[in-house]
Amino acid sequence: MPSRVKKGKSRSKKENKEPKAKLKDDEIKAEFSQENGQEENPIDIKPKAKKTSRQIRSVKMLSSVLNTSISNKSCLNTSSNRKITDYFQIRKSSRKTKSDLEKERRHLLENLIKNCIEDGLEVRHMNEKGRGVFSCKYFKKGDFVCEYAGEMITYQVAKKREEIYAQDSSIGCYMYFFEYKTKIWCIDATAETERLGRLLNHSKTGGNCRTQLFEIDSKPHLILVAARDIKPGEEMLYDYGDRNKNSIESHPWLAK
């Protein structure tokens, strides 16, 4: 009997020792898992199931969207240091300034005067007036019509010639006086030429042209420009500006 009792005690000691050892192992594992950031009771990882074709397509679409958004963000980040002129060319205005337009106008007038160009005009004969100049094209207000071409002489010379011309009624008088740089000058267009400026008739109130001085190489040129828009077929008229009593008595049409 005593021997059996001793055996029983020894078994119970062994059985009590095994759980303690197991507890120690569990505690060591728990501490190790806590140090490595692992859970005490990790879940068993099951083998993943195969993805269907629909799932694969959705994953691809999601990845492409993510890649696009990332590329857009990178573009925004890089473009933040750029200017709008890096993407678009600077468009220069095609509108011309007033000075440019005036230069073009002067260049055009110089060309017309130097080359004796008198386009859009024709000579007609009238019973009451004799010869007159008519438009055969449309003239816009300010357009060049023609030049009052002739010999430029001083006031003193012009007065002497007037006395000579007055002795012969068949000659007529085609002299235009004007002021240039504080002096009185005269364009004598009495001599018959092919230039049309000398043939424009007078009108004190109904003129559609006006005179204007235009300087080329420090020399004045007396030109006629449209005082208003002129239609084809109109007679070209301007005010001679002669208000002298003797002139009006000799030429009553100057008062009209």
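Residues numbered from 1 in each chain as written. Predicted model: local features only at pLDDT ≥ 70, side-chain atom pairs only at ≥ 80, totals over all residues. Heavy atoms only, no water.

## Observations concerning the sheet that holds strand E3 (residues 144-147)
Filter applied, for reference: Here, a strand pair is defined by DSSP locating no fewer than two bridges between the strands. A run of H or I in DSSP becomes a helix once it reaches four residues, and a run of E becomes a strand once it reaches two; helices and strands are each numbered from the N terminus. What counts as an axis is a line fitted to C-alpha atoms, over the stretch in contact for a helix, and the angles between N-to-C directions run from 0 to 180 degrees.
With respect to topology, three strands assemble into an open sheet ordered E3-E9-E8, the strand pairing being antiparallel. Taken across any chain shown, the strands that pair with only one partner, and hence form the sheet edges, are E3 and strand E8 (209-216). If you compare each strand with its neighbour and ignore which way they point, the axes differ by 35° on average. Of the pairings in the sheet, the one linking E3 to strand E9 (residues 219-226) comprises three bridges and is antiparallel in character. The partner of Phe 144 across the bridge, within E9, is Val 225.

## Some thoughts on the confidence of the model for the protein chain
The condition that has to hold: Values of pLDDT, ranging from 0 to 100, describe the predictor's confidence in every residue of the model. Throughout, a contact is declared for two residues whenever any of their heavy atoms are within 4.5 Å.
Here the protein chain averages 77 in pLDDT, while 59% of its residues score no lower than 70. Across the protein chain, element-level confidence peaks in E3 with a mean pLDDT of 97 and bottoms out in helix H1 (residues 2-35) with 51. Within the model, the stretch residues 5-10 combines pLDDT values under 50 with zero contacts to residues more than four positions away or in other chains.

## As for the packing of aromatic side chains
Where we set the bar: Geometry of aromatic contacts follows a simple scheme: Phe, Tyr and Trp rings, the Trp one being its six-membered ring, pair when their centres are within 6.5 Å, and the pair is stacked under 30 degrees between planes, edge-to-face over 60, tilted otherwise. Relative accessibility decides the category of a residue: with a 1.4 Å probe and only protein chains considered, values under 20% of the type maximum give buried, values over 50% give exposed, and everything between is partly exposed. Only Lys NZ and Arg CZ are tested; either one counts as a charge over a ring when it is within 6 Å of the ring centre and within 35 degrees of the ring normal.
Applying the stated rule across the entire model yields four aromatic pairs. Taking 5.8 Å as the distance between ring centres and 55° as the angle between the ring planes, the aromatic pair formed by Tyr 148 and Tyr 176 counts as tilted. Separated by 28 residues along the polypeptide, Tyr 148 in the loop between E3 and strand E4 (151-154) and Tyr 176 in strand E5 (residues 175-180) bring together distant segments of the chain. What makes Tyr 148 buried here is its relative accessible area of 6%. Note on Tyr 176: relative accessible area 13%, which makes it buried. Where Tyr 176 meets Tyr 238, the ring centres are 6.5 Å apart and the plane angle is 40°; that geometry is what we call tilted. Here Tyr 238 lies in strand E10 (residues 237-238) and Tyr 176 lies in strand E5, a separation of 62 residues in the sequence. Residue class for Tyr 238 comes out buried when judged on its relative accessible area of 2%. When the ring centre of Phe 177 is taken as origin, the NZ or CZ atom of Lys 159, which lies over that ring, is 5.5 Å away.

## What about the state of the cysteines?
Just so we agree on the cut-off: Any two cysteine sulfur atoms lying within 2.5 Å of each other are counted as a disulfide.
Enumeration over the complete set of coordinates arrives at zero disulfides. Note on Cys 146: no disulfide assigned, nearest cysteine sulfur contributed by Cys 209 at a separation of 7.2 Å. Take Cys 146: its relative accessible area is 0%, and that puts it in the buried class.

## Section: helix H3 (residues 98-114)
An α-helical turn contains 3.6 residues, so a residue and the one three or four places further along point in the same direction. Defined as follows: For a helix, the expected span equals 1.5 Å multiplied by the residue count minus one. The directions considered for the arc run from the helix axis to the C-beta atoms.
For H3, built from 17 residues, the straight-helix expectation of 24 Å at 1.5 Å per residue is met to within 8% by its first-to-last C-alpha distance of 24 Å. Here H3 has its buried residues at Leu 109, Leu 112 and Ile 113. Axial view of H3: buried residues confined to an arc of 90°, hence all on one face. Opposite the buried face of H3, at more than 90 degrees from it, the exposed residues are Lys 103, His 107 and Lys 114. Looking at the buried positions of H3, the neighbouring elements they touch are E3, E8 and E9. One or two positions beyond H3, positive phi appears at Cys 116, with a value near 55°.

## Details of the nonpolar core
The line we're drawing: Here, the term nonpolar core denotes a set of buried Ala, Val, Leu, Ile, Met, Phe, Trp, Tyr and Cys residues that are joined through side-chain atoms within 4.5 Å.
Counting 21 residues, the largest nonpolar core has Leu 121, Val 145, Leu 200 and Met 236 as its most contacted members. Every element with two or more residues in this core is listed here: E3, E5 and E9. Apart from residues lying up to four places away in sequence, Leu 200 is in contact with Val 133, Cys 146, Cys 209, Leu 224, Met 236, Tyr 238 and Tyr 240.

## Digging into the side chain of Ser 135
Note that Ser 135 resides in strand E2 (residues 130-135). Sequence-distant contacts of Ser 135, that is, excluding residues within four places in its chain, are made with Gly 120, Leu 121, Ile 230, Lys 231, Pro 232, Gly 233, Glu 234 and Met 236.

## Topic: the pattern of salt bridges
Side-chain pairing between opposite charges can occur once the charged atoms of the two side chains come close. Keep this limit in mind: Throughout this description, the term salt bridge denotes a Lys or Arg side-chain nitrogen within 4 Å of a carboxyl oxygen of Asp or Glu.
For the structure on display, the rule yields 11 salt bridges. A salt bridge links Asp 188 to Arg 161, with the nearest nitrogen and oxygen atoms 2.8 Å apart. Taken as a pair, Asp 188 in strand E6 (residues 183-188) and Arg 161 in helix H4 (residues 155-166) lie far apart in primary sequence, 27 residues in all. The partner of Glu 234 in a salt bridge is Arg 228, with the nearest N and O atoms 2.8 Å apart. One connected set of salt bridges, linked through shared partners, spans Glu 118, Glu 147 and Arg 195.

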